Amino acid sequence: MINLVLRGNTDLIYGKGEIAKAGALIKENGGSRVLIHHVSEPFVQPLIEAVKGYLDAAGLEYVDLGGGVPNPRLDKVYEGIELCRREKVDFVLAIGGGSVIDSSKAIALGVPYDGDVWDFFTMKAVHKACLPVGVISTFAATGSECTTGTVITKEDEQLKRGVEDNNDNIMIRPKFAILDPTLTFTAPRFQTASGTADIVSHICENFFSADPDNDFSDYFCISGLKTAIKFGPVCLEDPRNYEARGALMLLSGYAINGYMKFGRHGDWNCHALEHEMSGEWDIPHGAGLAIITPHWMRYIYKEHMELFLKFATNVFNIPYNADEPEQTALAGIEALADFFHNKLGLPKNLRELGVKEEQMTDEILHKVCKRIFYYGTDVAGDLHPMREEDFFTILKQSV
């Protein structure tokens, strides 16, 4: 087990009706003039108006910024930064899912910075200040309500890039996240399925680690995976099931806030590839992960048999085949693929996801894979380091 540092996490306020505490929580964290950032969709407007009422009651001033979209755009971040500076905003409140939260974080980073906020995403500058951010979550998926980073898309260059705090100076992580499962009841079926896949992928990225002696975090990951596998399909069949929605909301943050990676690095190559895929084709992140993860597993499992056996036998309760252990490992991979594509109903390949044939030539696939090494390295991943040709093979299988 490697050395680890886990600093104070986001305060989680869980339960029905807890949004009424929004004003008090903002004031507790030093806010007086608030940017409310959201998606502008009609279904969220009643929630926005309710929150504004709570802020009014707390004596807080606020300005409104709608228009958040999946794979959040740099242009919207620029718009938010300009609005915050003009209105002298000192707190950013994200109301929505991971995309709105990431957009809000990037806005909060950009307000106190004299240069272009994109400098942080291209490693031209290191962030030294950030407005405080709070979250009212309406969707369980990315766990951005609990993370120390943000991912933004620069649409004109089809680049999806991230920036993250270091452990010595935590600024980006939200101060609080209000998690009311009833706010997720109306999430569309496909979005719920994609979010569940994203949660599962985050846990898998932590579980499949090269760092030995990790039984504690191994079994933490296993319990998280079993929770998602149990409750994801329940949310699809019974969208207003409070217990199921609540389990996914809590799991979303814990899947990526550091608790499930105690003493380990994780691999994260599936995320490295999918970020470039969604930057290129603007596809839903969770659905993209559901496509490539089983292919990644089939590509590497033979070199990491012990991990894949533990995955198969503990997560999916597949009996261990002592005569042919490889069959056990493969059965675990196929069980995960079945979960993604049959139980959640997510696409099996990029064509099913709507990417056109002419958008997936070998030249374009190589371009996507090459961008993984944008920062100057030629190898990515911790468990199973991969080069461009390795990623290309996996991506080609995903077409």
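Asker: Quick one: what's the story with the overall build of the chain, residue by residue and with numbers?
Answerer: Looking only at helices and strands, one finds 14 helices and eight strands in the chain. Scaling as 2.2 N^0.38, a compact globule of 399 residues should have a C-alpha radius of gyration of about 21 Å, and the chain matches this with 21 Å. Along the longest, intermediate and shortest principal axes, the C-alpha atoms of the chain span 70 × 45 × 45 Å. Taking all 399 residues of the chain together, 58% fall into the buried category. Of the contacts made within the chain by residues no fewer than 6 positions apart, 78% connect residues no fewer than 24 positions apart. By element, 51% of the accessible surface of the chain is carried by carbon and sulfur atoms, the whole surface being about 16300 Å². Charge separation in the chain, taken as the distance between the mean sites of 38 positive and 56 negative side-chain charges, equals 3 Å.

Asker: Explain the nonpolar core residue by residue, including any values.
Answerer: The biggest cluster of nonpolar side chains holds 78 residues, and the ones touching the most others in it are Phe208, Leu273, Trp281, Phe311 and Leu350. The contact partners of Leu273, leaving out residues within four places of it in the chain, are Ile292, Val368, Cys369, Ile372, Phe391, Ile394 and Leu395. Formed by 28 residues, the second largest nonpolar core is a distinct cluster that contains Leu65, Val92, Ala106 and Met171.

Asker: So what about a nonpolar patch on the surface? Which residues, and what values?
Answerer: Among the surface-exposed residues, Met1, Leu4, Leu6 and Phe216 lie close enough to one another that they form a single nonpolar patch of about 380 Å² accessible area. The residue Leu4 is located in the segment before strand 1 (11-14) in this model.

Asker: Give a detailed account of the pairing of strand 8 (residues 176-179), specifying residues and quantitative values.
Answerer: The side chains of a regular strand alternate, first on one face of the sheet and then on the other. Side chains Phe176 and Ile178 of strand 8 all project onto a buried face; the interleaved residues Ala177 and Leu179 project onto the opposite face, where all are buried too. Here strand 1 runs beside strand 8; their pairing, made up of four bridges, is parallel. Across the sheet, the residue bridging to Asp11 is Phe176, located in strand 8. Where strand 5 (residues 133-137) and strand 8 come together, four bridges link them in parallel fashion. Residue Ser137 lies in a different strand from strand 8, and its bridge partner there is Leu179.

Asker: Can you lay out the environment of Asp382 for me, pointing to particular residues and giving the numbers?
Answerer: Mapped onto the fold, Asp382 is located in the loop between helix 13 (362-370) and helix 14 (388-398). Put simply, Asp382 and Ala247 are 135 residues apart on the chain and 29 Å apart in space, counted from C-alpha to C-alpha. In this structure Asp382 touches Ala210, Asp211, His265, Gly266 and Asp267, once residues within four positions along its chain are discounted.

Asker: How would you summarise the pattern of salt bridges if you had to cite specific residues and measurements?
Answerer: According to the stated counting rule, one finds 25 salt bridges in the structure shown. The partner of Asp338 in a salt bridge is Lys343, with the nearest N and O atoms 2.6 Å apart. Asp362 is the partner of Lys396 in a salt bridge, and the nearest nitrogen-oxygen pair spans 2.5 Å. Taken together, the positions of Lys396 in helix 14 and Asp362 in helix 13 put the pair 34 residues apart, joining distant regions of the chain. Overall, the relative accessible area of 37% leaves Asp362 in the partly exposed class.

Asker: How would you summarise the side chain of His295 if you had to cite specific residues and measurements?
Answerer: As for its position among the elements, His295 is in helix 10 (residues 285-300). According to the relative accessible area criterion, His295 is buried, its value standing at 14%. In this structure, His295 is in contact with Ile394, Gln397 and Ser398, ignoring residues within four places of it in sequence.

Asker: Outline the packing of helix 6 (residues 189-207) against helix 12 (residues 325-343), listing residues and values.
Answerer: Two elements in contact, helix 6 and helix 12, have axes separated by 10 Å at closest approach and are oriented at 155°. Comparing their axes, helix 12 and helix 6 come out roughly antiparallel. Contacts from Thr196, Ala197 and Val200 in helix 6 reach Leu336, Phe339 and Phe340 in helix 12. Taken together, the residues of the contact of helix 6 with helix 12 sort by class into five nonpolar, one polar and no charged.

Asker: Any chance you could break down the state of the cysteines for me, citing the residues and the numbers?
Answerer: In a disulfide, the sulfur atoms of two cysteines are covalently bonded to one another. Tallied over the full model, the rule gives zero disulfides. Left unpaired, Cys146 is separated from the closest cysteine sulfur, that of Cys221, by 16 Å. Here Cys369 stays free of any disulfide, with the sulfur of Cys270 as its closest cysteine sulfur at 12 Å. Given the relative accessible area of 0%, Cys369 is considered buried.

Asker: Describe the packing of aromatic side chains, and please don't skip the residues or the numbers.
Answerer: Enumeration according to the criterion identifies 17 aromatic pairs in this entry. Seen from their ring centres, Phe208 and Trp296 are 5.9 Å apart, and the 80° between their planes marks the pair as edge-to-face. Of this pair, Phe208 sits in the loop between helix 6 and helix 7 (215-237) while Trp296 sits in helix 10, and the two are 88 residues apart along the sequence. According to the relative accessible area criterion, Phe208 is buried, its value standing at 0%. A relative accessible area of 3% means that Trp296 is categorised as buried. Residues Phe216 and Phe220 carry aromatic rings whose centres are separated by 6.2 Å and whose planes lie at 65° to one another, so their mutual orientation is edge-to-face. Taken together, the positions of Phe216 and Phe220, both in helix 7 and four residues apart, correspond to about one turn of that helix. The rings of Phe207, Phe208, Trp296, Tyr301, Phe308, Phe311 and Phe316 are connected pair by pair, giving a single aromatic cluster. Over the ring of Tyr374 we find Arg161, and its NZ or CZ is 4.2 Å from the ring centre.

Thresholds, definitions, all that
Residues numbered from 1 in each chain as written. Predicted model: local features only at pLDDT ≥ 70, side-chain atom pairs only at ≥ 80, totals over all residues. Heavy atoms only, no water. Helix = DSSP H or I, 4+ residues; strand = E, 2+ residues; numbered from the N terminus. Rg over C-alpha atoms; globule rule 2.2 N^0.38 Å. Buried < 20%, exposed > 50% of the residue type's maximum accessible area, 1.4 Å probe, protein only. Contact = heavy atoms within 4.5 Å. Areas by Shrake-Rupley, 256 points an atom, 1.4 Å probe, with all protein chains shown as cover. Lys, Arg positive; Asp, Glu negative; His and termini not counted. Charge placed at Lys NZ, Arg CZ, Asp CG, Glu CD. Core = buried A, V, L, I, M, F, W, Y, C linked by side-chain atoms within 4.5 Å. Patch = residues over 30% accessible without salt bridge, like charges linked within 9 Å, V, L, I, M, F, W, Y side chains within 5 Å. Salt bridge = Lys/Arg side-chain N within 4 Å of Asp/Glu carboxyl O. Pairing = 2+ DSSP bridges. Axes fitted to C-alpha atoms, helices over the stretch in contact; angles between N-to-C directions. Parallel < 35°, antiparallel > 145°, perpendicular 65-115°, else oblique. Nonpolar A, V, L, I, M, F, W, Y, C, P; charged D, E, K, R; others polar. Disulfide = S-S within 2.5 Å. Phe/Tyr/Trp six-rings, centres within 6.5 Å; stacked < 30°, edge-to-face > 60°. Lys NZ or Arg CZ within 6 Å of the ring centre and 35° of its normal.

On their own, these measurements won't tell you what the molecule is for.
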